[in-house]
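Each chain, letter by letter, is given below.
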Amino acid sequence: MIKQLSEFVDKLSYLADQISEFTTQHAAGIHRVTDLLAYNPNEPLIFSTGLFLILFLGFSFVYMCLQNKLTARLLFVTAFSYYFYYKSSGFYFGLLALVTVSDYLLANLIHRHRQRKALRKLFVTLSVIIDLGLLGYFKYTNFFVGMVERMLEHNFQPWDIFLPVGISFFTFQSLSYTIDVYRGQLKPLPSLLDYAFYVSFFPQLVAGPIVRASDFAPQIRQPLTITRDMFARGLFFILIGLFKKAVISDYISLNFVDRIFDNPGLYSGLENLLGIYGYALQIYCDFSGYSDMAIGIALLLGFHFPLNFNAPYISTNITDFWRRWHISLSTWIRDYIYISLGGNRKGKIRQYFNLILTMLLGGLWHGASINFVIWGGMHGVALAVHKLFSQGLLKHDRNYVSRGIRRPFAILITFHFVCFTWLFFRNLSFETSKTMLNRIFTDFRPDLFLPVVQGYKYVLALMLFGYVSHFIPNSWQETLIAGLKRCNVLVCALFLVIVIYIVIQVKSSAIQPFIYFQF
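As the structure is a prediction and not an experimental result, all values here were calculated from the model.

S.K.: With reference to specific residues and values, describe the overall build of the chain.
M.R.: Across its full length, the chain holds 20 helices and zero strands. Counting every position in the chain, which comprises 519 residues, the buried fraction comes to 50%. Counted over contacts in the chain with a minimum sequence separation of 6, partners at least 24 positions apart contribute 77%. A total accessible area of about 25900 Å² is found for the chain, and carbon and sulfur atoms account for 66% of it.

This is how it looks when you write it as structure tokens:
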């Protein structure tokens, strides 16, 4: 008996030694995995990273297993969305929860007391105060306090206030819900889970598009259906978005645009002008690329998002540009700011004032800096002048667009005005913008054209491709999607592998966050 007990103890000791050896050997690997999955402010979880691809594959497997279990599926997606936000902003996902719970409860109170105007106004005002109060504290405290301190000629040291990623997006999205309920245009969602799912849905959570509850809510409790067309269209948008962001935007940014904007005085006027053209394409490919991937991922999960960009650089006037650029934001500020200010209902002068004020606020939404306000103000003035000239003097219809020989000139003028305003959007210092303009107008150096083309041939080739693609007919896109519909899963996977391979070949070692993450 004692011998058997001794042998048993020896076996336990051997097993403990084996477990200890295994743990020691694999501790480093386990530690690397936990570090990878934990919040890192320098490595947000973005669509163009390998980690997201791996997590999304696992997520998709569980998601499809829950196809016929609605509540469990909603809980699972909401939990994953909160983890997605945690990877971008750490434990500030509590702000997302606070906005969600407060607006859900307030919207229910607004609807319950819809016959009592004073109470309705009180509850919607509380929603505005909570949402804009959080946005104002985290995003604009240093901006406004710094302005006051400078006016008083005090030395101001910015406070250490963390800016949660995408706070401008989810506060605006949630705020639109309570306002729609207040206006009687929408009934409250049936449960807090539905509303949490809507606000936190990860494809559009941190950088848009800003999805209206009226568009999204009817899809939440529909049977999960992913048609062949949705799959093909979703894959197409993901491939195009990934190429825009990780190939065009990141490559021209790192290898040309950033160099010009960082030290414009070292370059000729020609290179500065090409740098501005490059930034115009960079920000378009960066943001529209994210929107395309968000739309594509949503389609693969059975949800439809509205189009957010529509070839903005072929706009024939500034009004047309804002119908094509960041459509979800431009329609949001139109419906909830411009119309709330009176829109065009109180005379022409008031309409022009409302346009300018709306765009000033839209500029401030983009960032807590005077350069964004100036950028928004320039667009506001341009919109007002266009309204005055087109509808007031020429009596054109509001949907009028230039045609014939006038169209290319209208596109060129609009494009160069937008590029001029991007100069102030990109540069925090007005001195830098002044330097770039001075180089363009006083030291253009057209004789350097061929050496610049030779030195930056890949950058300029991508820029040319990016701009020319604006003129590709929509029918070509539909033809490509139809081709993907006819392909089997292996061929679709091959296309994805090819794009990922191209991305790996051109990407830098560091993660390049999306530009609009800062907003």
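Once you've had a look at it, read on.
S.K.: Pulling in residues and values, what's your account of the nonpolar core?
M.R.: Counting 140 residues, the largest nonpolar core has Phe201, Phe202, Phe216, Leu301, Tyr313, Trp325 and Trp422 as its most contacted members. Top contributing element to this core by residue count: helix H10 (residues 269-300), with 20 residues. Apart from the residues within four sequence positions on either side, Tyr313 is in contact with Ala280, Leu281, Ile283, Tyr284, Phe321, Trp325, Ile411, Phe415, Val418, Trp422, Tyr467 and His470.

S.K.: Before we move on, could you go through helix H14 (residues 370-393) and cite the residues and values that matter?
M.R.: With 24 residues, H14 extends 33 Å between its outermost C-alpha atoms, agreeing within 8% with the 34 Å of an ideal straight helix rising 1.5 Å per residue. Lys395 sits one or two residues past H14 and shows a positive phi near 60°.

S.K.: Could you give me a rundown of unusual backbone geometry, with the residues and numbers involved?
M.R.: Although it is not a glycine, Ala311 sits at a positive phi angle of roughly 45°. Checked against the element boundaries, Ala311 lands in the loop between H10 and helix H11 (318-324). In this structure Ala311 comes out as buried when scored by relative accessible area, which is 14%.

S.K.: Can you tell me about the pattern of salt bridges, naming the residues and giving the values?
M.R.: Going through the model one piece at a time under the given rule, you end up with 13 salt bridges. Lys244 serves as the salt-bridge partner of Asp292, at 2.8 Å between the closest nitrogen and oxygen. One end of the pair, Asp292, is in helix H10; the other, Lys244, is in helix H9 (residues 228-262), with 48 residues separating them in the sequence. Among the salt bridges present, the one from Arg445 reaches Asp447, with a minimum N-O distance of 3.1 Å.

S.K.: Please give an account of the packing of H10 against helix H16 (residues 430-442) that cites residues and values.
M.R.: Between H10 and H16, whose axes approach to 7 Å, the crossing angle comes to 125°. Classified by the interaxial angle, the pair formed by H10 and H16 is oblique. The two elements H10 and H16 meet at a crossing, and its hand is left-handed. The segment H10 lies against H16, with Gly269, Asn272, Leu273 and Ile276 engaging Met436, Arg439 and Ile440. When its residues are assigned to classes, the contact of H10 with H16 shows four nonpolar, two polar and one charged.

S.K.: Which residues make up the layout of surface pockets, and what are the values?
M.R.: When its volume is computed, the largest pocket comes out at roughly 1200 Å³. Forming the walls of the largest pocket are 37 residues, and the residues nearest its centre are Phe236, Ile240, Lys244, Ser469 and Gln477. Elements represented by at least two residues in the lining of the largest pocket include exactly H9, H10, helix H18 (457-468), helix H19 (474-486) and helix H20 (489-506). Among the elements that take part in the lining of the largest pocket, H9 stands out by supplying eight residues, more than any other. Partitioned by chemical class, the residues of the lining of the largest pocket number 25 nonpolar, seven polar and five charged.

S.K.: Before we move on, can you summarise empty space enclosed by the protein with the specific residues and values?
M.R.: This structure, assessed with the given rule, holds two cavities of 30 Å³ or more. There is about 50 Å³ of room inside the second largest cavity. Taken together, the elements giving at least two residues each to the lining of the second largest cavity come down to H11 and H14. In terms of residue class, the lining of the second largest cavity is built from one nonpolar, six polar and four charged.

S.K.: I'd like a description of the environment of Val257, backed by residues and values.
M.R.: If you trace the backbone, Val257 turns up in helix H9. For the pair formed by Val257 and Ile276, sequence separation is 19 residues and the distance between their alpha carbons is 7.6 Å.

S.K.: Give a detailed account of the packing of helix H6 (residues 167-182) against helix H7 (residues 192-200), specifying residues and quantitative values.
M.R.: Where H6 contacts H7, the two axes come as close as 9 Å, and the packing angle between them is 140°. Between H6 and H7, the crossing angle belongs to the class labelled oblique. Across from Phe170, Gln173, Ser174, Ser176 and Tyr177 in H6, the residues of H7 making contact are Tyr195, Tyr198 and Val199. Of the residues in the contact of H6 with H7, the class split is five nonpolar, three polar and no charged.

S.K.: Can you explain a positive patch on the surface? Please cite residues and give values.
M.R.: A cluster of like positive charges, contributed by Arg183, Arg345, Lys346 and Arg350, occupies part of the molecular surface. Considering the arrangement of structural elements, one finds Arg183 in the loop between H6 and H7.

S.K.: Can you break down the packing of aromatic side chains residue by residue, with the values?
M.R.: A full pass over the atoms with the stated rule returns 64 aromatic pairs. Consider the rings of Phe52 and Phe84, whose centres lie 6.2 Å apart with planes at 75°: the pair is edge-to-face. Here Phe52, found in helix H2 (residues 50-65), pairs with Phe84, found in helix H3 (residues 70-89); they are 32 residues apart in sequence, far enough to count as distant. Summarising the burial analysis for this pair, Phe52 and Phe84 share the class buried. For the pair Phe415 and Tyr467, a centre-to-centre distance of 5.4 Å together with 85° between the ring planes defines the contact as edge-to-face. Here Phe415 is found in helix H15 (residues 406-426), whereas its partner Tyr467 is found in helix H18, with 52 residues between them in sequence. Taking NZ or CZ as reference, Arg120 lies 4.5 Å from the ring centre of Tyr182, over its face.

S.K.: Help me get a handle on the side chain of Asn427, residues and values and all.
M.R.: Structurally, Asn427 is set in the loop between H15 and H16. Judged by relative accessible area, Asn427 falls into the buried class, the value being 4%. In this structure the side chain of Asn427 is engaged in a polar contact, spanning 3.2 Å, whose partner is the side chain of Ser433. Excluding residues within four positions of it along the chain, Asn427 makes contact with Phe261, Asn371, Thr432, Ser433 and Met436.

S.K.: Describe a nonpolar patch on the surface, listing the residues and the values that go with them.
M.R.: Taken together, the side chains of Val491, Leu494, Phe495 and Ile498 present a nonpolar region at the surface, about 320 Å² in accessible area. On the secondary structure map, Phe495 appears in helix H20. Residue classification places Phe495 among the partly exposed positions, given a relative accessible area of 36%.

S.K.: How would you explain H6 if you had to name every residue and give the values?
M.R.: Look at H6: 23 Å from first C-alpha to last across 16 residues, which is about the 22 Å you get at 1.5 Å a residue. The first or second residue beyond H6 is Gly184, which carries a positive phi of 80°.

S.K.: Requested: an account of the confidence of the model for the chain, with residues and values cited.
M.R.: Across the chain, the average pLDDT comes to 86, with 89% of residues at 70 or higher. Mean pLDDT across the secondary structure elements of the chain bottoms out at helix H1 (residues 2-37), with 57, and peaks at H7, with 95.

How each quantity is defined
Residues numbered from 1 in each chain as written. Predicted model: local features only at pLDDT ≥ 70, side-chain atom pairs only at ≥ 80, totals over all residues. Heavy atoms only, no water. Helix = DSSP H or I, 4+ residues; strand = E, 2+ residues; numbered from the N terminus. Buried < 20%, exposed > 50% of the residue type's maximum accessible area, 1.4 Å probe, protein only. Contact = heavy atoms within 4.5 Å. Areas by Shrake-Rupley, 256 points an atom, 1.4 Å probe, with all protein chains shown as cover. Core = buried A, V, L, I, M, F, W, Y, C linked by side-chain atoms within 4.5 Å. Expected span 1.5 Å × (residues − 1). Salt bridge = Lys/Arg side-chain N within 4 Å of Asp/Glu carboxyl O. Axes fitted to C-alpha atoms, helices over the stretch in contact; angles between N-to-C directions. Parallel < 35°, antiparallel > 145°, perpendicular 65-115°, else oblique. Left-handed = near helix turned anticlockwise from the far one by under 90°. Nonpolar A, V, L, I, M, F, W, Y, C, P; charged D, E, K, R; others polar. 1 Å grid on protein atoms, 1.4 Å probe; cavity = no way out; pocket = protein on both sides within 12 Å on 5 of 7 lines; lining within 4 Å. Points joined across faces, edges and corners; volume = space filled by probe spheres on them. Patch = residues over 30% accessible without salt bridge, like charges linked within 9 Å, V, L, I, M, F, W, Y side chains within 5 Å. Lys, Arg positive; Asp, Glu negative; His and termini not counted. Charge placed at Lys NZ, Arg CZ, Asp CG, Glu CD. Phe/Tyr/Trp six-rings, centres within 6.5 Å; stacked < 30°, edge-to-face > 60°. Lys NZ or Arg CZ within 6 Å of the ring centre and 35° of its normal. Polar contact = N/O pair within 3.5 Å; in protein donor to acceptor, adjacent residues only side chain to side chain. pLDDT = per-residue confidence, 0-100.

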